[in-house]
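# Analysis of the macromolecular model
What follows is each chain in one-letter form.
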Amino acid sequence: QVQLVESGGGLVRAGGSLRLSCAASGRILRISDMGWHRQAPGKQRELVARVISGGGTVYTDSVKGRFTISRDNAKNTVYLQMNSLKPEDTAVYYCNAAVRSWGSLGLDNYWGQGTQVTVSS
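Residues numbered from 1 in each chain as written. Predicted model: local features only at pLDDT ≥ 70, side-chain atom pairs only at ≥ 80, totals over all residues. Heavy atoms only, no water.

## Considering the side chain of Glu6
- One can find Glu6 in strand S1 (residues 2-7).
- One polar contact links the side chain of Glu6 to the main-chain amide nitrogen of Gln113, over a distance of 3.1 Å.
- Setting aside anything within four residues of it in sequence, one finds Glu6 in contact with Ser21, Cys22, Trp36, Tyr93, Tyr94, Cys95, Gly112, Gln113, Gly114 and Thr115. (Helix = DSSP H or I, 4+ residues; strand = E, 2+ residues; numbered from the N terminus. Polar contact = N/O pair within 3.5 Å; in protein donor to acceptor, adjacent residues only side chain to side chain. Contact = heavy atoms within 4.5 Å.)

## A word on the sheet that holds strand S7 (residues 67-72)
- Pairing is antiparallel across the open sheet formed by four strands, whose spatial order is S1-S3-S8-S7. The two strands at the open ends of the sheet, each matched to only one other strand, are S1 and S7. Strand-to-strand twist in this sheet, taken as the mean axis angle between neighbours without regard to direction, amounts to 15 degrees.
- Relative to strand S3 (residues 18-26), S1 runs antiparallel, the two being bridged by six bridges. The partner of Val5 across the bridge, within S3, is Ala23. (Pairing = 2+ DSSP bridges. Axes fitted to C-alpha atoms, helices over the stretch in contact; angles between N-to-C directions.)

Structure (structure tokens):
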């Protein structure tokens, strides 16, 4: 019913920047929280940043001051601007969204397919 499609990953040198985008589509009635998680090889998936429908944001400590999450409600899209990238930021980045779709009584959590971010030293 709802699809999340990410774009913007790639290979960048340490200190560089990337911008990730994630667009939600389908039978969407309302989107609540949107966010980005990441999973590095051999590690558990972790929250990177989240933005609520009112605009408030949450960041994991390791990306504060370097990453910025934003959303365009008219486009059902969430962005992650990543600056001053470090090799330890290398991971597959997944977007997720809490969505109420047509015919649903509540919010369901949806995930994108993931996009690889690789930061070389």
